[in-house]
Amino acid sequence: MKKLQKIWGVAALFAVGIGIVAADHIDAPGVQGTTADITDFYAFQGENTSNMVFVANVQGLLSPSATGAAAFDENVMIEFNIDNTGDNVEDLVIQAIPRDGKMYFFGPVAPSAPGVSSMVMESAPMASVDITAYGSQAEVATENGMTVFAGPRDDPFFFDFGKYTEIIGGTATAFDAVGTDTFAGSNVLSVVVELPKSVLGGSGTLNTWVEAKRK
Amino acid sequence: MKKILRNIMGIALVGALALTSCDNDDDMSPVTPTPTGPDFSGVYMTADQMGRPAINTVFVSSSMKDEFNVTPPSQQGAKYASAFAAGLMGLSPAYANAGDKNALGLDAATFGSVLATDVLTVSTTAPTTFYDGTNVLTGRNLADDVITVELLLIFGGEDFTENPTLSDDNVSSNDKDFSTSFPYLATPW
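Residue indices follow the written sequence of each chain, beginning from 1 at its first position. Chains carry letters and ligands carry numbers; both start at the beginning, A for chains and 1 for ligands, and go up in the order they are written. Only residues with pLDDT of 70 or above have their local features reported here, since the model is predicted, and side-chain atom pairs are shown and tallied only from 80 upward, although totals for entire chains, interfaces and linings are computed over all residues. Values reported for side chains reflect all heavy atoms of the structure, with hydrogen atoms and water molecules removed beforehand.

- For chain B, an unreviewed UniProt entry supplies the name DUF4331 domain-containing protein and the organism Arcticibacterium luteifluviistationis.

- In the annotation of an unreviewed UniProt entry, the entry for chain A reads Molecular chaperone DnaK, and the organism field reads Arcticibacterium luteifluviistationis.

**Re the overall build of chain B**
Here's step 1: Counting from the N terminus, the helices are the DSSP runs of H or I reaching at least four residues and the strands are the DSSP runs of E reaching at least two. When helices and strands are tallied, chain B shows six helices and two strands.
Here's step 2: Along chain B, helices and strands appear, N-terminal first, in the series α-β-α-α-α-α-β-α.
Here's step 3: By the burial criterion, 45% of the 189 residues in chain B qualify as buried.
Here's step 4: In short, Shrake-Rupley with a 1.4 Å probe defines the accessible areas, and a residue's cover is counted only from the protein chains shown. A total of about 9,200 Å² of accessible surface is found on chain B, and carbon and sulfur atoms cover 61% of it. We call a residue buried when its accessible area falls under 20% of the maximum for its residue type, exposed when it is over 50%, and partly exposed in between, using a 1.4 Å probe and counting protein chains only.

**Some words on the sheet that holds strand 8 (residues 141-143) of chain A**
Residues and elements named next belong to chain A.
Here's step 1: On the basis of which strands lie adjacent, the open sheet formed by five strands has the order 1-2-10-9-8 and antiparallel pairing. Of all the strands in the sheet, the pair left with one neighbour each is strand 1 (38-45) and strand 8. Averaged over all adjacent pairs, the angle separating strand axes in this sheet is 20 degrees, with direction ignored.
Here's step 2: When DSSP finds two or more bridges between a pair of strands, those strands are recorded as paired. As defined by bridge partners, strand 9 (residues 146-154) adjoins strand 10 (residues 187-196) across eight bridges and the pair is classed as antiparallel. Each residue of the ladder has a partner; that of Asp-154, found in strand 10, is Asn-187. Axes, fitted as lines to C-alpha atoms, cover a helix only where it is in contact. Angles between the N-to-C directions of the axes lie from 0 to 180 degrees.

**Structural notes on the confidence of the model for chain B**
Residue and element names in this part refer to chain B.
Here's step 1: On a range of 0 to 100, pLDDT expresses the predictor's confidence in each residue. Taken over all residues, the pLDDT of chain B has a mean of 86, while the share at 70 or more is 81%.
Here's step 2: Looking at the elements of chain B, mean pLDDT is at its lowest for helix 1 (residues 2-21), recorded as 45, and at its highest for strand 2 (residues 120-123), recorded as 98.
Here's step 3: We call two residues in contact when some of their heavy atoms are within 4.5 Å. For the stretch residues 8-23, pLDDT sits under 50, and the model shows three contacts to residues farther than four places along the chain or on other chains.
Here's step 4: Across the assembled chains, the prediction reports ipTM 0.89 with pTM 0.86.

**As for the pattern of salt bridges**
Here's step 1: Every case where a carboxyl oxygen of Asp or Glu lies within 4 Å of a side-chain nitrogen of Lys or Arg is listed as a salt bridge. By the definition in use, this model includes eight salt bridges over all chains.
Here's step 2: Measuring nitrogen to oxygen at the nearest pair gives 3.6 Å for the salt bridge that ties Glu67(B) to Lys79(B). With Glu67(B) in helix 3 (residues 65-69) and Lys79(B) in helix 4 (residues 73-91), the pair connects residues that are twelve residues apart, well separated along the chain.
Here's step 3: Exposure remark for Lys79(B): the relative accessible area of 43% places this residue in the partly exposed category.
Here's step 4: Several salt bridges share partner residues, and in doing so they unite Glu79(A), Glu211(A) and Lys213(A) into one network.

**Thoughts on the packing of aromatic side chains**
Here's step 1: Paired rings are identified among Phe, Tyr and Trp, the last through its six-membered ring, by centres lying within 6.5 Å, and are further divided according to the angle between planes into stacked (under 30 degrees), edge-to-face (over 60) and tilted (the rest). This structure, assessed with the given rule, holds 15 aromatic pairs over all chains.
Here's step 2: With centroids separated by 6.4 Å and ring planes inclined at 50 degrees, the aromatic side chains of Tyr80(B) and Phe84(B) adopt a geometry described as tilted. Of this pair, Tyr80(B) and Phe84(B) both sit in helix 4, four residues apart, which is roughly one turn of the helix. Note on accessibility: Tyr80(B) and Phe84(B) belong to one class, buried.
Here's step 3: What links up through ring pairs into an aromatic cluster is the set Phe157(A), Phe159(A), Tyr164(A), Phe175(A) and Phe183(A).
Here's step 4: Note on geometry: a ring has a charge over it if NZ (lysine) or CZ (arginine) is within 6 Å of the ring centre and within 35 degrees of the ring normal. The aromatic ring of Tyr42(A) is capped on one face by Arg140(B), whose charged end is 4.0 Å from the ring centroid.
Here's step 5: Looking at Lys176(B), its charged tip hangs above the ring of Trp189(B), at a distance of 4.6 Å from the centre.

**A few points about the interface of chain B and chain A**
Here's step 1: Facing 78 residues of chain B, the contacting portion of chain A comprises 99 residues.
Here's step 2: It is Phe40(B), Tyr44(B) and Phe182(B) in chain B that bury the most area against chain A; as a group they hold 12% of the surface buried on that side.
Here's step 3: In this structure, the connection of chain B to chain A is made through one salt bridge.
Here's step 4: For Asp40(A), the salt bridge is made with Arg140(B), and the minimal N-O distance between the two is 2.6 Å.
Here's step 5: As used in this structure description, the phrase polar contact means that two N or O atoms lie within 3.5 Å; if the pair is within protein, one of them must be able to donate a hydrogen and the other to accept it, and residues adjacent in sequence are counted only when both atoms belong to side chains. The tally of links from chain B across to chain A stands at 36 residue pairs in polar contact (both at pLDDT 80 or more).
Here's step 6: Of all the secondary-structure elements, those providing two or more residues to the side of chain B that touches chain A are strand 1 (44-50), helix 2 (55-59), helix 3, helix 4, strand 2 and helix 6 (146-155) of chain B. In this description, buried area is defined as the sum, over both parts, of the accessible area (probe of 1.4 Å) that is lost when the two are combined.

**Overview of the nonpolar core**
Here's step 1: Formed by 82 residues in total, the largest nonpolar core has its most connected members in Phe54(A), Phe80(A), Phe105(A) and Phe84(B).
Here's step 2: Counting eleven residues, the second-largest nonpolar core is a separate cluster that includes Ile97(A), Phe106(A), Val109(A) and Met121(A). Among buried residues, the Ala, Val, Leu, Ile, Met, Phe, Trp, Tyr and Cys ones that are joined through side-chain atoms within 4.5 Å form a nonpolar core.

**Side note on a nonpolar patch on the surface**
Here's step 1: Each patch is built from residues that are more than 30% exposed by relative accessible area and take part in no salt bridge. Like charges join if they lie within 9 Å; nonpolar side chains (Val, Leu, Ile, Met, Phe, Trp, Tyr) join within 5 Å. Together, Met119(A), Val43(B) and Met45(B) line one region of the surface with nonpolar side chains, adding up to about 250 Å² of accessible area.
Here's step 2: Take Met119(A): it is sitting in the loop between strand 6 (117-118) and strand 7 (126-130).
Here's step 3: On the accessibility criterion, Met119(A) (39% relative accessible area) is partly exposed.

**Regarding the side chain of Asp100(B)**
All names here are of chain B.
Here's step 1: With respect to the helices and strands, Asp-100 occurs in the loop between helix 4 and helix 5 (108-116).
Here's step 2: Charge assignment: positive for Lys and Arg, negative for Asp and Glu; neither His nor the chain ends contribute. Comment: no salt bridge for buried Asp-100; closest opposite-charge side chain is Lys-101, at 9.9 Å.
Here's step 3: Only 3.2 Å separates the side chain of Asp-100 from the backbone nitrogen of Ala-96, close enough to count as a polar contact.

Here's what the structure looks like:
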């Protein structure tokens, strides 16, 4: 009985943490394991510090043997959202969508409407690049001010998820002094776009997020 | 001769039907002009979204994870702030007592409210860091140890000294080096 109480106590303590996997890898049942499952989102100043870089990764936890067969889905658009007025509503989007081995990037452009429902903004400035094949050198293109890439990369995320799971499960009470990166040796499909900060608007701070939108 | 012609026409018809049935572009039809570029038409609906790392996974209860993924950020604060605050208090002893704050000076209610709106703030004027001890959330670099930052803000208390065995996973860098040049991410394994 006492043991049961202890188990319940641990369960309550970590109730909100149950199901944690990683940054955003397989975060929710509706997208888990699908081609629309975002694993990570990054936004950082480029090598040229006048530029901003956006990275979206999808379809995580790819073993090397599974990476060659992994592909972007033509029914899934990856949309980078940029709010430059501080109201958390997107003023600009950059849309990435694959067709026949190429990734097409449209933007930055005001969306037809903000929110969950989008059309591809075909009249916006466009850049396209051949999707890099597994094992090949990175294909990079620059068009209309955007430098773009799409293809498999090493998963840049790192975390001792294994130990965290044990802590949540009550079989460990602490992280190890030297942790183990659960994501070592695994790949993701990456979409990267770099463009001048000056085209993103705002007065110093942007609110940004990424969506995977399915047709 | 007629029969052969009919057979050929029949085969052609079957072939055309088979082709159109597995090709939504329908470019076999004589009345549809051949498209000059890819077809991007249609409406695309949100399936997954993400701002800061690990927010949906850590703070949203299982039954609400799908809903959180399709709630626009402008509506997330009102909808999830109180649940996030309760989650922080349930998850971490560092928020167990009234008045407890994290190293940013935020109590559970305030920090929960900040986290519930899941956007990544990015500076267009300052160098990028998730948290470097001084600058907070000017973006997210590939190399930023975001999980340890989040663990410290959840478990570390006012000065990052509380619950030390829970506030750092002791994995501080990626398994491959990043490039300083585009596309920045490392080649796949």
